[in-house]
Amino acid sequence: MGIFFCDFETRSACDLTVAGVYNYAQDASTDVLCMAYAYDDEPVQLWLPGQPFPVIGDHQVRAHNAAFERLIFWYVLQKNIPLEQFYCTAAQARANCAPGSL
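Along each chain, numbering runs from 1 in the same order as the chain's sequence is written. Local features in this predicted model are restricted to residues of pLDDT 70 or higher, and side-chain atom pairs are both shown and tallied only at a pLDDT of 80 or more, whereas totals for entire chains, interfaces and linings draw on every residue. Values shown for side chains rest on all heavy atoms present in the structure; no hydrogens or waters enter the calculation.

Draft legend 1. Inspection of the packing of aromatic side chains at higher detail. Any two of the Phe, Tyr and Trp rings considered here, Trp counted by its six-membered ring, make a pair once their centres fall within 6.5 Å; the pair's planes then place it as stacked at under 30 degrees, edge-to-face at over 60, or tilted in between. Across all of its chains, the model carries 8 aromatic pairs by this definition. Aromatic side chains Tyr37 and Tyr39 sit 5.9 Å apart centroid to centroid with 85 degrees between the ring planes, which places their arrangement in the edge-to-face category. Categorising residues by exposure relies on relative accessible area from a 1.4 Å probe, with only protein chains included: less than 20% of the type maximum marks a residue as buried, more than 50% marks it as exposed, and the intermediate range marks it as partly exposed. Take Tyr37: its relative accessible area is 10%, and that puts it in the buried class. On the numbers, 6.0 Å between centres and 80 degrees between planes, the contact of Phe53 with Phe73 is edge-to-face. Taken together, the positions of Phe53 in the loop between strand E3 (45–47) and strand E4 (60–63) and Phe73 in helix H3 (residues 66–76) put the pair 20 residues apart, joining distant regions of the chain. No difference in accessibility class separates Phe53 from Phe73, as the two residues are buried. Aromatic ring contacts, followed pair by pair, group Phe8, Trp47, Phe53, Phe73 and Phe86 into a single cluster. Think of it as a cone above the ring: NZ of Lys or CZ of Arg counts as a charge over the ring if it is within 6 Å of the ring centre and within 35 degrees of the ring normal. In this structure, Arg62 is placed above the aromatic ring of Tyr87, and the distance from its NZ or CZ to the ring centre is 4.4 Å. Think of it this way: any DSSP run of H or I at least four residues long counts as a helix, any run of E at least two long counts as a strand, and we number them from the N terminus.

So, in structure tokens, the structure goes:
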């Protein structure tokens, strides 16, 4: 299984800091502006809405704060990626007590 690294940039009329990530992701005004992504050690690419979406397949989906990316995939983009495919690099950094990981 390969690795699919990703990071979304989003916008919404919903205030993430007030509403929380679940309400933010489910709000009808929440949109994806772009997604930076890379497969394994390949160069980073940019996906924009309206372009064909990258194939994720059975790749592990890695993100810093993967819960946010997972909810954007599920609720905004309607991409049904199994929970088990997600890996959170922020959680791993915290588990390793990495300085500045929070």
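Draft legend 2. Region of the structure containing the sheet that holds E3. If DSSP finds at least two bridges between two strands, the strands pair. Strand order across the open sheet formed by 5 strands is E3-E2-E1-E4-E5, with mixed pairing between neighbours. The open sheet terminates on both sides in strands that have one partner only, identified here as E3 and strand E5 (86–88). The mean angle between the axes of side-by-side strands here comes to 30 degrees, regardless of whether they run parallel or antiparallel. Bridge count for E4 against E5 is 3 bridges, and the pairing is parallel. Think of each axis as a best-fit line through the C-alpha atoms, taken over the contacting stretch in the case of a helix, with angles from 0 to 180 degrees between the N-to-C directions.

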